[in-house]
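Coordinate analysis (summary)
Residues per chain are reported as follows:
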Amino acid sequence: MNSKARSRLYDRNSQGKLPGPVAGQDTPKAPDFAGKNPYVPVDVASVLKTVQRPRRALVTAGMPYANGPLHLGHLAGAHLPADIYSRWMGMLIGRENVLFVNGTDDHGSTSEVSAAAAGIPIREFIDGIHARQQVTLARYAIGVDVYTGTSQPETFPIQKQLCDFFLTNLHRNGMLEKRTSRHWYDPQLSRFLPDRLVRGTCPNPKCNHDGAYSDECDLCGHQHEPTALINPKSVLSNATPEMRDTVHWYLDMWKVSEVLRGWIEGKAKKKAWRPSVIADTLEKVLPSLRFDGEHEEKYKALKATLTLPAHKSKYAPGKKVVVQFGDKAALEKGRMALAAAGIPSAVANEWAHRSITRDIDWGVPVPEIDPDLAGKTLYVWPDSLIAPIAFTRVALAKKGLDPETYAQYWRDPEARVVQFLGQDNVFFYVLMQGAMWLGTQDDPQRMPLPGELQLTDIVSAFHLMVSGEKMSKSRGNFYGGDQLLDEKGYAADQIRYYLALLGLSEKSSDFEFAKLDERNRFLAGPLNAAFERPISAAQSKFDGRVPEGVLVDGVLSDTVRMVQRYVKSMDRADYPNMLFEVENYARIINSLFAQYKPHDDRHPEEGRRNALFSAFYVLKNLMIMLYPFVPGTMDRLRESLRLPPTSFSIDELGIPIPAGHAIGPKGDYFPVPAGMEHSDPA
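Residues numbered from 1 in each chain as written. Predicted model: local features only at pLDDT ≥ 70, side-chain atom pairs only at ≥ 80, totals over all residues. Heavy atoms only, no water.

Relative to the helices and strands, R56 resides in the loop between α2 (44–48) and β1 (57–61). Measuring from C-alpha to C-alpha, the distance between R56 and Y627 comes to 20 Å, with 571 residues separating the pair along the chain. Setting aside its immediate chain neighbours within four residues, R56 contacts I93, N97, Q408, Y409, E414, A415 and R416. Within the local environment of R56, its side chain forms a polar contact with the side chain of Q408, the two groups lying 3.3 Å apart. (Helix = DSSP H or I, 4+ residues; strand = E, 2+ residues; numbered from the N terminus. Contact = heavy atoms within 4.5 Å. Polar contact = N/O pair within 3.5 Å; in protein donor to acceptor, adjacent residues only side chain to side chain.)

So this is what it looks like as structure tokens:
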């Protein structure tokens with residue numbers, strides 16, 4: 001090998017570094033490998049310097065109701081992405097600085113209805129469901145630090161204390177509005193009924209489903225006023241309910257809507273959230289006016305005079321026109337300009353007023369602030385938004401730590417709280433939770449200061465579909481997580497990998513067994529071969545050790561590119577395209593074996609040594625990058641490579657397995673699907 005060629009190869013003692021310009025503060029985030037950028041990182045360590053590392057991280061997933069087993073929709077949309085992210089954060093800042101908390105959403109009418117249908121006490125029903133869900137999560141290696149529930153004995157007292165804290169401060173800041181409204185009342189049981197406890201015939205003439213809820217039909221999706229429900233019946237007694245007045249607290253999000261708007265726009269500017277989250281929330285929080293469509297010509301004439309502040313307009317149901325302004329000051333100017341032109345308008349802020357109390361016993365009692373609210377309980381949605389803080393305190397106590405150190409996660413701007421949830425829950429986790437958090441401050445009209453509850457980051461997922469329909473327990477069209485393991489014989493890591501590839505961050509996707517099996521054939525074939533070939537060659541030709549060698553030309557630059565893409569995608573929890581690139585990166589190993597034949601001593605020894613040294617370099621990087629997705633399989637690979645568990649660290653990327661390191665025997669990695677032969681990779 002000539003000196004010019006050798007200068008392009010990897011020096012095993014350099015820990016991934018080659019001579020050249022080193023990335024610094026001014027290094028662009030997307031370096032140009034075509035040679036136009038003089039600050040292109042030339043080693044993995046320089047790439048890793050650009051990654052932001054929070055002091056601590058708290059990860060949560062959307063809380064499942066305690067009304068049935070976990071299905072793949074839960075796993076694909078919330079629990080698996082959260083687990084992948086928590087493992088990534090553990091590799092980034094150390095697992096001891098990461099908490100992953102979750103639990104069942106126990107309160108509310110959903111649990112009441114399910115327990116009544118099962119004919120057992122609600123406590124017994126919830127505990128049984130909770131235990132089953134906990135087992136399912138463990139089988140899929142969802143590595144929660146705690147899986148509790150809002151009604152569990154270790155959590156409920158903390159949850160009650162937190163709910164009192166929130167409601168007391170929201171009331172003090174004038175963000176709780178008392179309203180009288182009409183709701184269903186069961187005269188036989190002498191109690192009010194939430195929407196889910198009233199069923200009847202769907203008023204949609206194209207549907208007529210006789211099991212529709214009071215406010216929505218779960219079959220056709222039709223939303224309606226409760227009084228439009230045909231032949232309503234109480235789920236609890238089968239009595240015909242009647243409408244009666246009741247008093248509730250409504251959360252006034254309009255009072256902090258400007259702070260929420262600025263927060264969301266800041267996330268949009270940084271592209272920190274998925275576009276769907278930004279679009280859904282910004283659409284609501286932008287100050288808007290609504291007027292009748294009959295005034296549209298007057299509006300167009302006024303718009304032509306340029307006297308209206310900058311705005312956007314759109315049509316709305318009921319032959320209405322909505323105009324959106326940049327802030328409340330512009331909205332007020334717009335309202336006055338419209339009025340002067342003879343166009344009466346109203347502020348479109350219905351989204352900002354939501355009832356947060358209920359007339360049910362199975363919930364967290366509200367504090368004794370107002371006698372008109374005596375006997376009320378907190379609505380299940382704000383209850384569930386507060387719950388992860390209680391879960392955090394339970395998790396810390398479980399670890400033998402002071403529960404008050406929850407503040408190091410929730411009240412520190414240098415920490416990161418990331419919540420994974422379904423797209424249809426974005427409103428609650430961004431707007432309702434954001435308003436509640438702001439409402440605990442001395443001054444809600446600003447972003448939180450250090451020591452106050454920090455606003456959280458949101459990662460949403462679209463629905464996992466079956467035959468084009470949303471996977472739903474109530475519809476019965478779902479696959480249970482245990483069902484795929486027990487009845488169909490898949491391994492958990494096979495399901496984890498496939499679900500991570502579905503791309504629910506951008507659109508809903510169908511769960512298809514044919515595509516799952518196709519991916520499993522790849523895992524058992526080319527990917528297993530990439531794991532097994534270096535191990536077999538080392539055992540058969542190099543005394544079971546990593547040989548002396550240098551990186552083959554191109555391996556380092558390919559690795560730098562791969563690590564750049566990896567850290568960016570992991571930070572954004574955007575996995576599918578990146579995983580396909582990891583698969584291509586794995587093919588480097590098979591290419592090295594095809595070209596240099598390290599397993600065949602009839603070929604030049606220097607090339608064989610360099611190729612096998614390079615293969616182990618790539619293999620270690622693969623092991624680290626794939627660990628968050630398939631932790632069980634990668635742990636078996638780590639044991640074959642005889643590397644310590646501390647190898648699952650982002651800072652171990654680009655650091656080779658040293659020459660002379662003893663390699664263990666091959667293990668069982670991805671299982672071979674039925675009908676596919678296992679071939680010897682050597």
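Still more ground to cover, so stick around.
Reading across the sheet, the 3 strands line up as β7-β6-β8 and stay open at both edges, with antiparallel pairing between neighbours. The open sheet has two edge strands, β7 (212–213) and β8 (230–234), and neither has a second partner. For strand β6 (residues 198–201) and β8, the ladder comprises 3 bridges, and the chain directions are antiparallel. Bridging from a neighbouring strand, V198 pairs with S234 of β8. (Pairing = 2+ DSSP bridges.)

Attention now moves to the pattern of salt bridges. Tallying each qualifying case throughout the model produces 38 salt bridges. Here E258 makes a salt bridge to R261, at a shortest N to O gap of 3.0 Å. Residue E258 and its partner R261 are both found in helix α7 (residues 257–270); the two are separated by 3 residues, about one turn of the helix. We classify E258 as partly exposed; its relative accessible area is 22%. (Salt bridge = Lys/Arg side-chain N within 4 Å of Asp/Glu carboxyl O. Buried < 20%, exposed > 50% of the residue type's maximum accessible area, 1.4 Å probe, protein only.)

A few words now on the nonpolar core. The biggest cluster of nonpolar side chains holds 104 residues, and the ones touching the most others in it are W88, L499, Y566, F616 and L641. If we ignore the near neighbours within four places in the chain, the residues touching F616 are P534, I535, A538, V546, L641, I657 and I663. Counting 67 residues, the second largest nonpolar core, distinct from the first, contains L58, V247, L453 and I458. (Core = buried A, V, L, I, M, F, W, Y, C linked by side-chain atoms within 4.5 Å.)

What follows covers unusual backbone geometry. The phi dihedral of N231 is positive, around 55 degrees, even though this residue is not glycine. Turning to its location among the elements, N231 is positioned in strand β8. For N231, a relative accessible area of 52% translates into the label exposed. Positioned with a positive phi, N238 is a non-glycine residue whose angle comes to about 70 degrees. Secondary-structure assignment places N238 in the loop between β8 and β9 (242–252). With a relative accessible area of 56%, N238 lands in the exposed category.

With that settled, the discussion passes to the packing of aromatic side chains. Throughout the structure, instances matching the rule amount to 20 aromatic pairs. With 5.2 Å between their ring centres and 85 degrees between their planes, W263 and W273 make a pair best called edge-to-face. In this pair, W263 sits in helix α7 while W273 sits in the loop between α7 and α8 (275–285), placing the two residues 10 residues apart along the sequence. With respect to class, W263 is no different from W273; both count as buried. For the cation-ring pair, R196 lies above Y213, with the distance from its terminal atom to the ring centre recorded as 3.9 Å. Of note, K488 hangs over the ring of F513, and the distance from its end group to the ring centre comes to 4.9 Å. (Phe/Tyr/Trp six-rings, centres within 6.5 Å; stacked < 30°, edge-to-face > 60°. Lys NZ or Arg CZ within 6 Å of the ring centre and 35° of its normal.)

Along the polypeptide, D383 turns up in helix α11 (residues 380–398). Among buried charged residues, D383 stands out as having no salt bridge; its nearest opposite-charge side chain is K160, 11 Å away. For D383, the contacting residues outside a window of four places in its chain are H107, T150, Q159, C163, V364 and L378. (Lys, Arg positive; Asp, Glu negative; His and termini not counted.)

Attention shifts here to the environment of Y250. You can see Y250 is positioned in strand β9. Residues Y250 and A279, 29 residues apart in the sequence, show an inter-C-alpha distance of 25 Å. In this view, Y250 contacts M175, L176, E177, R179, S181, H353, R354, S355 and I356; residues no more than four positions away in its chain are not counted.

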